[in-house]
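Working through the structure, step by step
Chain by chain, the residues run as shown.
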Amino acid sequence: MTARIIDGKALAEQVRSQIAQRAAALAARGEQPCLAVLLVGADPASTVYVRNKVTGCEKAGIRSLRFDFPANVAPEVVMAKLAELNADPTVHGILVQLPLPPQFNESEVLEAISVDKDVDGFHAENVGRLSQSREAFIPCTPHGVMKMLESAGVPLVGAEAVVIGRSNIVGKPMAMLLTNAGATVTVCHSKTRDLAFHTRRADILVAAVGKPRLVTGDMIKPGAVVIDVGINRLTDGPDAGKLCGDVDFDSVLPVAGAITPVPGGVGPMTITMLLENTVISAERAARRKGL
Ligand code: GUN
């Protein structure tokens, strides 16, 4: 058997065209969606992500505001900008690119963003709401994974799901979303004793640890759905310089039932969900204003 490829790029394009229509409808009612993006320092990966977010906004008809701060900026300066953006009724989404330099307390910064504008879904209140299955902004990468599972028609109720990774950005919210959807979820991480024991039981396996090609074909249940969240740049070997995921695509392909590629899998869905959250926030603002 060869796994079906779940094409995140094609799905992202389809969803983005719906988002662009919603953004245009809002603009016509006088509420153009607007996302503010804050970048501290010049980490190369973060710089690329921020550029892609801004470009994604432009293409969808969402206004974007970008604020760049030097790596040694005083936290108060960033906090003052957040207060200004929170109070600005024309701004619907606020995002601080992570990671932040060491002088920052990350949770303090994330909690300084208005819950209503927290389109990344990292504010403790949104995290709590998600854990209680209440309406919340859902973190973009795991939300994108759920959309991919849905579009691929993967049954979730009663499924055995295994998530590798326990980060606040992907692993933990992913586990909550799968749990809320009725899956039986196991969360594995760097201290898990026998990773393959767990992964071999998975009907759905989500790898989000940042370890190149960690998951190999012998760790997969035949027919399983394998979602690769990893984006790693290989530093040595014959493929040096290439991007690869946390899944060893070539050895998993003949065993799995469906698999996401890297690149072209989960990546394009992450920014798509950020754009959707921004439009949702703008739609709520328009409703509040009676537009
Ligand atoms: N750093 C890595 N992923 C993300 C993300 O989804 N949002 C933000 N703000 N920072 C990140």
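Going by the structure above, here's the rest.
The paragraphs below set out a description of the structure included in this document.

How each quantity is defined
- In this numbering scheme, every chain counts its residues from 1 along its sequence in written order.
- Note on the predicted model: pLDDT of at least 70 is required for a residue's local features to be given, and 80 or more for side-chain atom pairs to be given and counted; whole-chain, interface and lining totals, by contrast, use all residues.
- Calculated side-chain values reflect all of the structure's heavy atoms, with hydrogen atoms and water omitted.
- By definition, any uninterrupted DSSP run of H or I lasting at least four residues is a helix, any uninterrupted run of E lasting at least two residues is a strand, and each is numbered from the N terminus.
- This radius of gyration counts C-alpha atoms alone. The globule rule is 2.2 Å times how many residues there are, raised to the power 0.38.
- A 1.4 Å probe rolled over the protein chains alone gives each residue an accessible area, and that area as a share of the maximum for its type sets the label: buried under 20%, exposed over 50%, partly exposed in between.
- In what follows, residue pairs with any heavy atoms lying within 4.5 Å of each other are defined as contacts.
- Note on areas: Shrake-Rupley with a 1.4 Å probe; residue coverage comes only from the protein chains shown.
- We score Asp and Glu as negative and Lys and Arg as positive, and we do not count His or the chain ends.
- The atoms used to mark charge sites are NZ of Lys, CZ of Arg, CG of Asp and CD of Glu.
- By the convention used here, strands pair only if DSSP detects at least 2 bridges between them.
- Think of each axis as a best-fit line through the C-alpha atoms, taken over the contacting stretch in the case of a helix, with angles from 0 to 180 degrees between the N-to-C directions.
- Definition of nearness: a residue and a molecule or strand are near each other if at least one heavy atom of the residue lies within 4 Å of the molecule or strand.
- N or O atoms closer than or at 3.5 Å make up a polar contact, with two conditions inside protein: a donor-capable atom paired with an acceptor-capable one, and, for residues adjacent in sequence, both atoms drawn from side chains.
- Gly is put with the polar residues, along with every residue not named as nonpolar or charged; the nonpolar set is Ala, Val, Leu, Ile, Met, Phe, Trp, Tyr, Cys and Pro, and the charged set is Asp, Glu, Lys and Arg.
- For a helix, the expected span equals 1.5 Å multiplied by the residue count minus one.
- As used here, the arc belongs to the directions running from the helix axis to the C-beta atoms.
- Salt bridges are identified by distance alone: a Lys or Arg side-chain nitrogen within 4 Å of an Asp or Glu carboxyl oxygen.

This part covers the overall build of the protein. Tallying secondary structure elements over the protein gives ten helices and eleven strands in all. The C-alpha radius of gyration computed for the protein amounts to 19 Å, which stays within 12% of the reference 19 Å derived for 291 residues, consistent with globular compactness. Along the three orthogonal principal directions, the C-alpha set of the protein runs to about 55 × 40 × 35 Å. A total of 291 residues make up the protein; the buried ones form 50% of that total. Of the contacts made within the protein by residues no fewer than 6 positions apart, 70% connect residues no fewer than 24 positions apart. Accessible surface for the protein amounts to roughly 13200 Å². Of this, 54% is attributable to carbon and sulfur atoms. Charge-centre separation for the protein: the mean point of 30 positive side chains lies 2 Å from the mean point of 30 negative side chains.

On the secondary structure map, H143 appears in helix α6 (residues 140-151). With relative accessibility at 15%, the residue H143 sits in the buried group.

For the rest of this paragraph, the subject is the sheet that holds strand β2 (residues 34-40). Taken together, the three strands give an open sheet; going across it, the order is β3-β2-β4, and neighbouring strands pair in parallel fashion. Every other strand in the sheet has two partners, leaving β3 (63-69) and β4 (93-96) as the edge strands with one partner each. Direction aside, the axes of adjacent strands within the sheet are offset by 15° on average. Alignment of β2 against β4, held across four bridges, turns out to be parallel. Counterpart to L35 in the pairing with β4 is G93.

Mapped onto the elements of the fold, V247 is located in the loop between β10 (243-244) and α9 (249-252). Considered as a pair, V247 and R213 are 34 residues apart in the sequence and their alpha carbons are 4.4 Å apart. Those residues within four positions of V247 in sequence are excluded, and the remaining contacts are A207, R213, V215, V226, D228, V252 and I259.

Looking now at the site of the ligand. The local shell around the ligand consists of K53, L95, V96, Q97, L98, D120 and F122. Residue Q97 places a side-chain N or O atom 3.3 Å away from a nitrogen atom belonging to the ligand. One nitrogen or oxygen atom from the main chain of L98 is found 3.0 Å from a nitrogen atom belonging to the ligand. When the ligand sits alone it has 270 Å² of accessible area, and the protein chains cover 83% of it. Of the residues belonging to the shell around the ligand, the class tally is four nonpolar, one polar and two charged.

As a further point, take helix α2 (residues 44-60). Between its first and last C-alpha atoms α2 spans 25 Å; for 17 residues at 1.5 Å apiece the expected length is 24 Å, and the two agree. For α2, the set of buried residues is S46, V50, K53, V54, G56, C57 and A60. The buried residues of α2 occupy an angular sector of 155° when projected down its axis, which confines them to one face. With respect to the buried face of α2, the exposed residues turned more than 90 degrees away are P44, E58 and K59. On its buried face, α2 sits against α1 (8-28), β2, β3, β4 and α10 (267-288). Downstream of α2 by one or two residues, G61 has phi in the positive range, about 75°.

Moving on: the pattern of salt bridges. Side chains that differ in sign of charge can pair as their charged atoms come close. Inspection of every chain in the model, using the stated rule, returns twelve salt bridges. Between D68 and R66 there is a salt bridge, and its shortest N-O distance comes to 2.7 Å. Judged by relative accessible area, which is 35%, R66 ranks as partly exposed. Its salt-bridge partner being E125, residue R129 comes within 3.5 Å of it at the nearest N-O pair. Highlighted residues: R129 and E125, both in helix α5 (residues 124-131), separated by four residues, approximately one helical turn. E125 gets classed as partly exposed once you look at its relative accessible area, which sits at 40%. Through salt bridges with shared partners, one network takes in R22, K147, E276 and E283.

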